[in-house]
Amino acid sequence: MHTSSRLMRTALALSLLGTATLGQSGQEFGSEMGSDMGGAPRVTIDRPKPTFMLIERDPRIHGLKPFQELVDQAPPGSVLKPPPGTYAGPVTIDKPLTIDGGGQVTIDAGDKGTVMMLNAGNSVIRGLRLTGSGDSHDTDDSCLDVRGSNNLIEDLVVDNCLFGIDLKQVNQSVVRGNRISSKNLELGVRGDGLRLWYSHDNRIERNEIVDSRDMVAWYSHRNHFVDNLGRRSRYSIHFMFANDNVVDRNRFYDNAVGVYFMYTEGGAATNNVISHATGATGMGIGFKEASGTLIENNEIIYCGIGIGSDLSPFQPDSTIEVRNNRLAYNGIGIQFNSETGGNNMRGNLFEGNLTQVSYGGRSDNPTKNFWQGNFWDDYQGFDRNGDGTGDNVHELYSYADQIWIELPMARFFRSSPVLELLDFLERLAPFSSPDLILRDEQPVFHKPERKALS
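As the structure is a prediction and not an experimental result, all values here were calculated from the model.

(A) Inspection of unusual backbone geometry at higher detail. Across the junction of Gly89 and Pro90, the peptide omega takes the value 5°, indicating a cis bond. Tracing the sequence through the fold places Pro90 in the loop between β2 (85-88) and β3 (91-93). Cis rather than trans, the peptide bond between Ser312 and Pro313 has omega equal to 0°. Positive phi values are uncommon outside glycine, yet Arg206 reaches one of about 55°. Note that Arg206 resides in the loop between β14 (203-205) and β15 (208-210).

Right under this line is the structure:
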């Protein structure tokens, strides 16, 4: 049933994409899918952008010099260093060009449409402030649309825009050192700070995405997200149908969800700090029908759920490797829903979590997943031979916590004196057989020393 539903989703996506306008070569979009669009002609995938007269734009830009005039005068392949100041948008770039604002150039579209559109490859956009897009989700009003490959986008300040930087069918490009924030809207109606769509082999590094909605990568493979900072958004990074992406050395604070792998294969999240993913859906790292992923050496702290897994790994004979992570002071350290097995947990550190591990109900077979060499701050045992491993197997059972797991409304009373008393009585003289959650044959006895991730 799950396989058929996933095939239906994929078929629906392909049918929608098939309605896109054909490229100049006349080849159909679907015929190029197998090669990840690597050598395929571009197709028109944007809804036509509306044209706004100057009088329709905010009066603050009426007396400004149009930046488009400078672009039109620059020869292809040249370097444009405009004089410092504020210019009127919008701007469309249809030729290879290097634009370097030196941090002293602002382009303002007057709160209508998209500020800048880069429809060329082998270009550099650097040192500009882009501001004042429209607020239409229908036309994806943004600060910067990128539609060519082999581009460098760096050191931009992107603010007061619905969407920030929007990459569609963009390969082998670098988006680096940009500061991105959205319009001052409710979280659900903001645009995405950074979006990749059918964009492969790009490097996204040292960007700050604050007070936006999501950073997303859909149908986009083999991208590297390195040293980015995300704050006060919804999804720090949301992957969907996006394979073999790497998330390394990022810092994500106060977002609803840290990193989410949905319908993905491969990929890794390593050396990240994910903190304060709280609220009803708060989750540090999540999986939905994902397979073959590595989660290693992350700090996942103060989240509603540290790691959440739903039908993952999804592909037969695949695994998800969770090793050497610190899961601390979360509501639930790891939560499994619709358990399929195939998760291998090695060398992780569990401390201060209200609940270490939960199966979102009852676990029919706790041996489906593999646990070895983890540190548990609630381990009850000794290390008489001094080998660093507990003498007894660490087993985790579900007692009174089954009440708030199966009855979500009871979560309000979690850790209250009443439930703590029930839990004590259940452990003292169980009314029914408790559920075995996990068994770690070689629990680490002493808390491992960890190097702080900055």
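Still to come is the rest of the account.
(B) Region of interest: empty space enclosed by the protein. Under the defined criterion, the tally for this structure stands at two cavities of 30 Å³ or more. Computed from the structure, the largest cavity encloses a volume of approximately 70 Å³. Contributing elements (two or more residues each) for the lining of the largest cavity: β18 (229-231) and β19 (235-240). Sorting elements by how many residues they give to the lining of the largest cavity places β18 first, with three residues. What lines the second largest cavity is simply Phe287, Ile307, Ser309, Ile320, Val322, Ile334, Phe336, Asn343 and Met345. Mapped by element, the contributors of at least two residues to the lining of the second largest cavity are β28 (305-310), β29 (320-323), β31 (332-337) and β32 (343-346).

(C) Up close: the pattern of salt bridges. For the structure on display, the rule yields 35 salt bridges. Linking Lys183 and Asp111 is a salt bridge whose minimum nitrogen-to-oxygen distance equals 3.9 Å. Residue Lys183 is located in the loop between β12 (179-182) and β13 (194-197), and its partner Asp111 is located in the loop between β4 (98-108) and β5 (116-118); the two are separated by 72 residues in the primary sequence. A salt bridge links Glu154 to Arg176; the nearest nitrogen and oxygen atoms lie 2.9 Å apart. Residue Glu154 is located in strand β8 (residues 152-154), and its partner Arg176 is located in strand β11 (residues 174-176); the two are separated by 22 residues in the primary sequence. Using a relative accessible area of 9% as the deciding quantity, one classes Glu154 as buried. With a relative accessible area of 22%, Arg176 lands in the partly exposed category. Because the salt bridges share partners, they merge into one network encompassing Lys49, Asp140, Asp145, Arg147, Asp166, Lys168 and Arg195.

(D) Summary view of the pairing of strand β9 (residues 157-161). Pairing of strand β6 (residues 124-131) with β9, which is carried by three bridges, proceeds in the parallel orientation. Across the sheet, Arg129 pairs through a bridge with Val157, a residue of β9. Relative to β12, β9 runs parallel, the two sharing three bridges. Across the sheet, the residue bridging to Val157 is Arg179, located in β12.

(E) Representation of the state of the cysteines in the model. Inspection of the entire model under this criterion finds one disulfide. Covalent S-S linkage joins Cys143 and Cys161, the inter-sulfur distance amounting to 1.8 Å. Taking the torsion about the sulfur-sulfur bond, which here is approximately 70°, the covalent link between Cys143 and Cys161 counts as right-handed. One end of the pair, Cys143, is in strand β7 (residues 142-146); the other, Cys161, is in strand β9, with 18 residues separating them in the sequence. A relative accessible area of 0% places Cys143 in the buried class. Assessed through its relative accessible area of 0%, Cys161 is described here as buried.

(F) Structural detail: the side chain of Asn330. Among the secondary structure elements, Asn330 is positioned in the loop between β30 (326-328) and β31. For Asn330, the contacting residues outside a window of four places in its chain are Ile300, Ile301, Tyr302, Cys303, Gly304, Gly306, Gly352, Asn353 and Leu354.

(G) Structural view of the sheet that holds β5. Strand order in the open sheet formed by twelve strands is β3-β5-β7-β10-β13-β16-β19-β22-β25-β28-β31-β34, with parallel pairing between adjacent strands. Since the sheet does not close on itself, it has two edges, and those belong to β3 and β34 (355-358), each with one partner. Geometrically, the sheet is characterised by an average inter-axis angle of 10° between neighbouring strands, direction not taken into account.

What counts as what
Residues numbered from 1 in each chain as written. Predicted model: local features only at pLDDT ≥ 70, side-chain atom pairs only at ≥ 80, totals over all residues. Heavy atoms only, no water. Helix = DSSP H or I, 4+ residues; strand = E, 2+ residues; numbered from the N terminus. 1 Å grid on protein atoms, 1.4 Å probe; cavity = no way out; pocket = protein on both sides within 12 Å on 5 of 7 lines; lining within 4 Å. Points joined across faces, edges and corners; volume = space filled by probe spheres on them. Salt bridge = Lys/Arg side-chain N within 4 Å of Asp/Glu carboxyl O. Buried < 20%, exposed > 50% of the residue type's maximum accessible area, 1.4 Å probe, protein only. Pairing = 2+ DSSP bridges. Disulfide = S-S within 2.5 Å. Contact = heavy atoms within 4.5 Å. Axes fitted to C-alpha atoms, helices over the stretch in contact; angles between N-to-C directions.

Shape descriptors only; they carry no functional weight alone.
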